[in-house]
Amino acid sequence: MGRVSGKVALVTGASSGIGRASAEVLAREGASVVLTDVRDGEEAAAAICKSGGKARFIRLDVTSESEWRDVIASIEKQEGRLDILVNNAGIAVAGLIHELALEDWRRQMATNVDGVFLGVKTALPLMRKGKSGSIINISSIAGLRGAPNLSAYCTSKGAVRLFTKSVALECAAMQDGIRCNSVHPGLIETPIWSQVVPGSNEPMDLDAAAALRVPMRRKGWPDDIAKVVLFLASDDSGYMTGEEVVVDGGMTVGT
Ligand code: NDP
């Protein structure tokens, strides 16, 4: 038996990076996984199926309430239940505050904040039918403290942190069996870093950054986060809700 056998999981932003690794780990541990992303994810789902897991892909832009409704309806019809929701899709808008366009600020909030709100709002009714479930929102260490050049991103991730706690307490008050926790990754090697250096198509040198800033002296890999997502998705974390789990090689411990 895997640690999430028999459960149905939905992962957003699952074509790449942390989302893809989370989908793979959940499937390996027995979940039936619905991968979603704004970009194509058929290959990611097919790779999981090829290695013996259960997965399918549905295109979903997390900023669209109607697309969320369609995805949840499809899961209710096909899988019949939803136990795990991983709100992972995100973008990073960089720029100095006095130069930041309002439209870019709103684009940041639309994906990172509205997307998480819409996911929880739309998925809760189906999750509640199962009388238990786990929602995992991917925030960031940028949601715990500020950073120059990243005000919009930090603001969005701080919002995810507190939204998570509100969801946790609302679900606990309703005694619906649903837990909600946030994960706060540090420097993880994924394509998102190319967005952090404006105008660059090259990923930032995370090894150099990690040597300077990470006490464990290494960058993280998507799997480092996926394994924590698995723990929060599984019944092993059954008494945890509203918690913020930092996975950063010690970066924020001394600050
Ligand atoms: P990736 O860019 O590798 O993956 C994010 C995925 O989400 C991409 O496929 C992206 O597509 C997709 N996406 C973007 N916008 C939307 C949307 N509106 N609807 C659906 N999918 C969308 O980045 P990561 O794996 O690094 O990021 C995953 C999460 O982890 C994000 O929330 C990020 O903020 C967070 N995080 C990452 C850290 C890191 O060091 N990598 C550190 C802390 C937090 P596209 O490529 O087309 O944009």
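Cut-offs applied
- Residues numbered from 1 in each chain as written.
- Predicted model: local features only at pLDDT ≥ 70, side-chain atom pairs only at ≥ 80, totals over all residues.
- Heavy atoms only, no water.
- Helix = DSSP H or I, 4+ residues; strand = E, 2+ residues; numbered from the N terminus.
- Rg over C-alpha atoms; globule rule 2.2 N^0.38 Å.
- Buried < 20%, exposed > 50% of the residue type's maximum accessible area, 1.4 Å probe, protein only.
- Contact = heavy atoms within 4.5 Å.
- Areas by Shrake-Rupley, 256 points an atom, 1.4 Å probe, with all protein chains shown as cover.
- Lys, Arg positive; Asp, Glu negative; His and termini not counted.
- Charge placed at Lys NZ, Arg CZ, Asp CG, Glu CD.
- Pairing = 2+ DSSP bridges.
- Right-handed = clockwise from strand over helix to strand, strands pointing away.
- Near = heavy atom within 4 Å.
- Polar contact = N/O pair within 3.5 Å; in protein donor to acceptor, adjacent residues only side chain to side chain.
- Nonpolar A, V, L, I, M, F, W, Y, C, P; charged D, E, K, R; others polar.

> How should the overall build of the protein chain be read in this particular structure?
When helices and strands are tallied, the protein chain shows seven helices and seven strands. Helices (α) and strands (β) of the protein chain occur, in sequence order from the N terminus, as β-α-β-α-β-α-β-α-β-α-β-α-α-β. Its C-alpha atoms give the protein chain a radius of gyration of 17 Å, within 12% of the compact-globule value 18 Å for 255 residues. Viewed in the frame of its principal axes, the protein chain has a C-alpha envelope of about 45 × 35 × 35 Å. Across the 255 residues of the protein chain, 51% fall into the buried class. When contacts within the protein chain are restricted to residue pairs at least 6 apart in sequence, long-range pairs at least 24 apart make up 67% of them. Split by element, the accessible area of the protein chain, about 12,000 Å² in all, is 54% carbon and sulfur. Between the mean site of the 28 positive side-chain charges and the mean site of the 30 negative ones, the protein chain shows a separation of 4 Å.

> Mind showing me how you'd approach unusual backbone geometry here?
It is generally the case that most residues other than glycine have a negative phi and that most peptide bonds are trans. Phi angles above zero are rare outside glycine, and Lys131 is one such case at about 65 degrees. On the accessibility criterion, Lys131 (65% relative accessible area) is exposed. In the Ramachandran plot, Gln175 falls in the positive-phi region, its phi being about 50 degrees despite a non-glycine side chain. With respect to the element layout, Gln175 can be found in the loop between helix H5 (151-174) and strand S6 (178-185).

> Would you mind showing me how to read the pairing of strand S4 (residues 84-87) here?
A regular strand places its side chains so that they alternate between the two faces of the sheet. Side-chain alternation along S4 places Ile84 and Val86 on one buried face and Leu85 and Asn87 on a second face that is also buried. Where strand S1 (residues 8-11) and S4 come together, three bridges link them in parallel fashion. Paired with Ala9 across the bridge in S4 is Ile84. Of the strand pairs in this sheet, S4 and strand S5 (residues 133-138) are connected by four bridges, and their pairing is parallel. If you follow Leu85 over to S5, its bridge partner there is Ile135. For the segment spanning S4, helix H4 (residues 102-129) and S5, crossover handedness is right-handed.

> Just checking my understanding: could you explain the site of the ligand for this structure?
Around the ligand lies a shell of 28 residues, among which Ser16, Asp37, Asn88, Tyr153 and Thr190 are the nearest. Ser16 places a side-chain nitrogen or oxygen 2.5 Å from an oxygen atom of the ligand. Starting from 880 Å² of accessible surface for the ligand in isolation, the protein chains cover 92%. Residue assignment for the shell around the ligand shows that the elements contributing at least two residues are helix H1 (17-28) and H5. Grouping the constituent residues of the shell around the ligand by class yields 14 nonpolar, ten polar and four charged.

> Quick question: what am I supposed to make of the pairing of strand S7 (residues 244-247) here?
Judged by which residues are buried, S7 turns out to be one-sided: Val245 and Val247 face inward and are buried, whereas Glu244 and Val246, on the alternate face, are not. Of the strand pairs in this sheet, S6 and S7 are connected by four bridges, and their pairing is parallel. Across the sheet, Pro185 pairs through a bridge with Val247, a residue of S7.

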